[in-house]
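Architecture at a glance
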Amino acid sequence: MQFYGTELSSRLMLGTAQYDSPAILADAVKAAQAGVVTVSLRREAAGAQAGQAFWSLIQSLNVPILPNTAGCHGVREAVTTAQMARDVFGTDWIKLEVIGQGDLLQPDVFGLVEATRILTEDGFKVFPYTTEDLVVAERLLRAGAEVLMPWGAPIGSGRGLNNLFGLRALRSHFPDIPMVVDAGIGKPSHATAAFELGYDAVLINTAVAKAGNSAQMATAFRLACEAGLAGFAADPMEERDMAVPSTPTLGLARSLGGEML
Amino acid sequence: MQITVNDELHEVHARTLGAVLDELGYGKARVATALNGFFIPATQRSAQTVEEGAVLEILAPMQGG
């Protein structure tokens, strides 16, 4: 699976925020064997070293980076932030967030489409953080996106895949578009479920950062992603509404008193 | 002259963005800049003039999800 022509070493994308220390972050990235790490930009006073230290840490991890526009609420703000991110991080990949609703951090899909168009025309490779809405997805693709990142659930909620029907429909409608379930994944089983729906990757942050043992949880997510990916590739059986005996009934000892149902 | 840097007022003497960054102590720090709401690439900072009352954003790499 390629994302804008780049083959990733892993389908697990990992966010870098909210870890208790840089060392815990580094251990988590290594345990996850993450294919991508996401990064951001924030204000920093002159002489403060946090940003530079973080940059050194990220470089030492030797994992492709995906800058984001987290916290942006408008098209112009998101576009300018993306341009600044490209200047600092040296990549034209951008995880585009245009937030339209504060309580659920729900994407402003109208602004998202517009910002995707502007950034694509400016040479960016846009990873839009969107909902599972089919019409929005179509507009994003028309605006130039070649990857979609539908949410599983609101950012940081850990609720898993809120709308299985919608995510399944989105996957089915655009079978050839690389898709990443981003946001809301709280447990490894949620990641497995995303792959079982046919999604190509997941992006996880809070579930690993806020686990009691981040490195252990990162390992669990790595294994969960591998399981989901392998399970999907193995072509799972279809669900049935009624039971079907797995043990053959032919040759049952009918004289032992059991009743035929 | 007085300019606003990340929402704080600063008195600076420099007249170009590159020189302002040096004067403020950013030196060779890996930062991105926007002047009066417009992105200014690192390659253009030395030629970009800064006027009295300018609003400057200076952003650094940070953790993100």
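Residues numbered from 1 in each chain as written. Chains lettered and ligands numbered in written order. Predicted model: local features only at pLDDT ≥ 70, side-chain atom pairs only at ≥ 80, totals over all residues. Heavy atoms only, no water.

Remarks on the sheet that holds strand β6 (residues 93-96) of chain A
Residue and element names in this part refer to chain A. With parallel pairing, 3 strands are arranged side by side in an open sheet as β6-β9-β10. The sheet terminates laterally at β6 and β10 (149-150), the two strands that pair on one side only. Note that strand β9 (residues 125-130) and β10 share 2 bridges and pair parallel. Across the sheet, the residue bridging to Y129 is M149, located in β10. (Pairing = 2+ DSSP bridges. Helix = DSSP H or I, 4+ residues; strand = E, 2+ residues; numbered from the N terminus.)

Let's talk about the nonpolar core
Residues F3, M13, V202 and I204 of chain A are the most contacted members of the largest nonpolar core, which totals 81 residues. For this core, the leading source of residues is helix α3 (residues 75-89) of chain A, giving 7 residues. Contact partners of F3 of chain A, with chain neighbours within four places excluded, come to L8, M13, W93, F127, V147, P178, V180, D200 and A201 of chain A. The next biggest cluster of nonpolar side chains, apart from the first, holds 18 residues, and it includes M1, A14, L35 and I58 of chain B. (Core = buried A, V, L, I, M, F, W, Y, C linked by side-chain atoms within 4.5 Å. Buried < 20%, exposed > 50% of the residue type's maximum accessible area, 1.4 Å probe, protein only. Contact = heavy atoms within 4.5 Å.)

Description of the packing of aromatic side chains
Residues and elements named next belong to chain A. The final tally for this structure, using the stated rule, is 4 aromatic pairs over all chains. A ring pair is formed by Y4 and F127, whose centres lie 5.3 Å apart and whose planes are at 55°; its orientation type is tilted. Of the two residues, Y4 sits in the loop between β1 (2-3) and β2 (6-7) while F127 sits in strand β9, which places them 123 residues apart along the sequence. Pairing W55 with F89 gives two aromatic rings, centres 5.6 Å apart and planes at 55°, and the pair type is tilted. In this pair, W55 sits in helix α2 (residues 50-61) while F89 sits in helix α3, placing the two residues 34 residues apart along the sequence. (Phe/Tyr/Trp six-rings, centres within 6.5 Å; stacked < 30°, edge-to-face > 60°.)

Quick look at the interface of chain B and chain A
Tallying the contact residues gives 28 residues for chain B and 28 residues for chain A. Interface area for chain B against chain A, summed over the two sides, is near 2400 Å², with a carbon-plus-sulfur share of 57%. Sorting the residues of chain B by area buried against chain A places R30, M62 and G65 of chain B first, and these three jointly supply 28% of that buried surface. Put simply, chain B and chain A have 3 salt bridges between them. Note that R43 of chain A and E57 of chain B form a salt bridge whose closest N and O atoms lie 2.4 Å from each other. Across the chain B-chain A interface, the total number found is 14 residue pairs in polar contact (both at pLDDT 80 or more). When residues in the side of chain B that touches chain A are grouped by element, the largest group, 7 residues, is from strand β5 (residues 55-63) of chain B. Broken down by class, the residue content of the side of chain B that touches chain A amounts to 16 nonpolar, 8 polar and 4 charged. Summarising the sheet, strand β4 (residues 36-43) of chain A and β5 of chain B pair through 5 bridges and their orientation is antiparallel. Across the sheet, the residue bridging to L41 of chain A is P61 of chain B, located in β5 of chain B. (Buried area = accessible area lost by both parts, 1.4 Å probe. Salt bridge = Lys/Arg side-chain N within 4 Å of Asp/Glu carboxyl O. Polar contact = N/O pair within 3.5 Å; in protein donor to acceptor, adjacent residues only side chain to side chain. Nonpolar A, V, L, I, M, F, W, Y, C, P; charged D, E, K, R; others polar.)

Remarks on helix α1 (residues 22-32) of chain A
Residues and elements named next belong to chain A. Among all positions of α1, only L25, A26, A28, V29, A31 and A32 are buried. Where the residues of α1 are buried, they touch β3 (12-15), β4, α2, α8 (206-209) and α9 (214-233). Positive phi appears at Q33, one or two residues downstream of α1, with a value of about 50°.

Description of the pattern of salt bridges
Counted according to the given criterion, the structure contains 12 salt bridges over all chains. Residue R45 of chain B pairs with D87 of chain A through a salt bridge whose shortest N-O separation is 3.8 Å. Note that R45 of chain B is positioned in the loop between β4 (38-40) and β5 and D87 of chain A in helix α3, a pairing that runs across two chains. According to the relative accessible area criterion, R45 of chain B is buried, its value standing at 10%. A salt bridge links D182 of chain A to K95 of chain A, with the nearest nitrogen and oxygen atoms 3.1 Å apart. Here K95 of chain A lies in strand β6 and D182 of chain A lies in strand β11 (residues 180-182), a separation of 87 residues in the sequence.

Side note on the side chain of D200 of chain A
Residues and elements named next belong to chain A. Within the fold, D200 resides in the loop between α7 (188-196) and β12 (201-204). Under the relative-accessibility criterion, D200 is labelled buried at 9%. A distance of 2.8 Å separates a polar side-chain atom of D200 from the backbone nitrogen of M179.

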